[in-house]
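Fold and geometry: a report
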Amino acid sequence: MLNDPGLIKEAFEQEVFSGRPSLPAFLLITGGRKVGLTISEGKTWTEQRRFSLRRLREFGFGKKSMEDMIHEDVERVLAVLRASEGAPLNTAGMFSVAVLSSLWQIIAGDKPCNEAGGDSDEKFKKRLDALRSMLQALTFISPKTLVYSWLAKVLPAQLAWLNPFTHVIHPLRELVGSYIEEHKRTLDPDNPRDFIDV
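This write-up is about the structure you can find in this document.

Conventions adopted
Throughout, residues of each chain are indexed from 1 in the direction in which the sequence is written. Local features in a predicted model are, by the rule used here, given only for residues with pLDDT of at least 70; side-chain atom pairs are given and counted only at 80 or more, and totals for whole chains, interfaces and linings are based on all residues. In computing side-chain properties, one takes all heavy atoms of the structure into account and sets aside hydrogens as well as water. The way it works is that DSSP assigns letters per residue, a run of H or I at least four long becomes a helix, a run of E at least two long becomes a strand, and they are numbered from the N terminus. Relative accessibility under 20% of the residue-type maximum defines a buried residue, over 50% an exposed one, and the middle range a partly exposed one, all with a 1.4 Å probe and only protein chains included. Throughout, the Shrake-Rupley method with a 1.4 Å probe supplies accessible areas, and for residues the shown protein chains are the sole cover considered. Here, a salt bridge means any side-chain nitrogen of Lys or Arg that lies within 4 Å of a carboxyl oxygen of Asp or Glu.

Attention now moves to the overall build of the chain. Helices and strands together make up the secondary structure of the chain, namely 10 helices and zero strands. Counting across all 198 residues of the chain, residues that qualify as buried make up 29%. Accessible surface computed for the chain: about 13,200 Å², of which carbon and sulfur atoms make up 61%.

A few words on the pattern of salt bridges. One pass over the full model with this rule turns up 11 salt bridges. The shortest N-O distance in the salt bridge between K9 and E13 comes to 3.3 Å. The exposure classification of K9 matches that of E13, with both residues exposed. Notably, a salt bridge pairs D73 with R76, separated by 2.9 Å at the nearest N-O pair. You can see D73 and its partner R76 sitting in helix α5 (residues 64–84), three residues apart, about one turn around the helix. The class for D73 is buried, based on a relative accessible area of 3%. R76 sits in the buried class, given a relative accessible area of 10%.

Shown next as structure tokens:
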């Protein structure tokens with residue numbers, strides 16, 4: 001057992017401690033493969049992390065320019081709150097849109113919020129709803145998910161239609177895929193606009 005901050009830091013700097021757990025919910029989403037930044041490990045994770053951080057910084061992540069984008073989104077939210085002047089206001093999704101807005105600008109090169117702080121892009125709203133559903137599904141691991149993940153190891157092809165994440169993953173993949181296809185059509189390899197282009 002490690003209980004010294006120095007030893008803990010030293011341990012986590014070693015690759016042997018960089019593994020990720022094999023969580024059934026994530027493996028259901030990825031088709032049983034340990035891919036992506038969240039569940040890959042070892043050399044794959046290290047390369048993806050370095051590539052992603054380097055490219056995200058090129059587009060403003062962690063820089064003053066991102067701080068300015070965040071301030072714009074905060075101002076939009078504050079404007080909506082001020083405009084309500086004490087009247088009841090449904091804030092469901094308002095803060096999520098504000099947070100994801102700056103990140104989405106770096107990733108896909110577009111700002112989904114309009115000047116009033118609302119969602120001017122229906123595609124973004126659908127994407128946000130799909131992401132919210134997926135995160136809720138991941139945070140609530142039901143008995144159905146646990147049983148399915150066990151049975152899927154035995155009969156993967158026969159039970160694919162029972163995957164409890166299909167209803168949230170498919171719409172999200174479809175929406176993000178449409179942005180990727182649009183980027184492929186308009187790509188200028190010498191002038192990447194955002195993270196999708198790289």
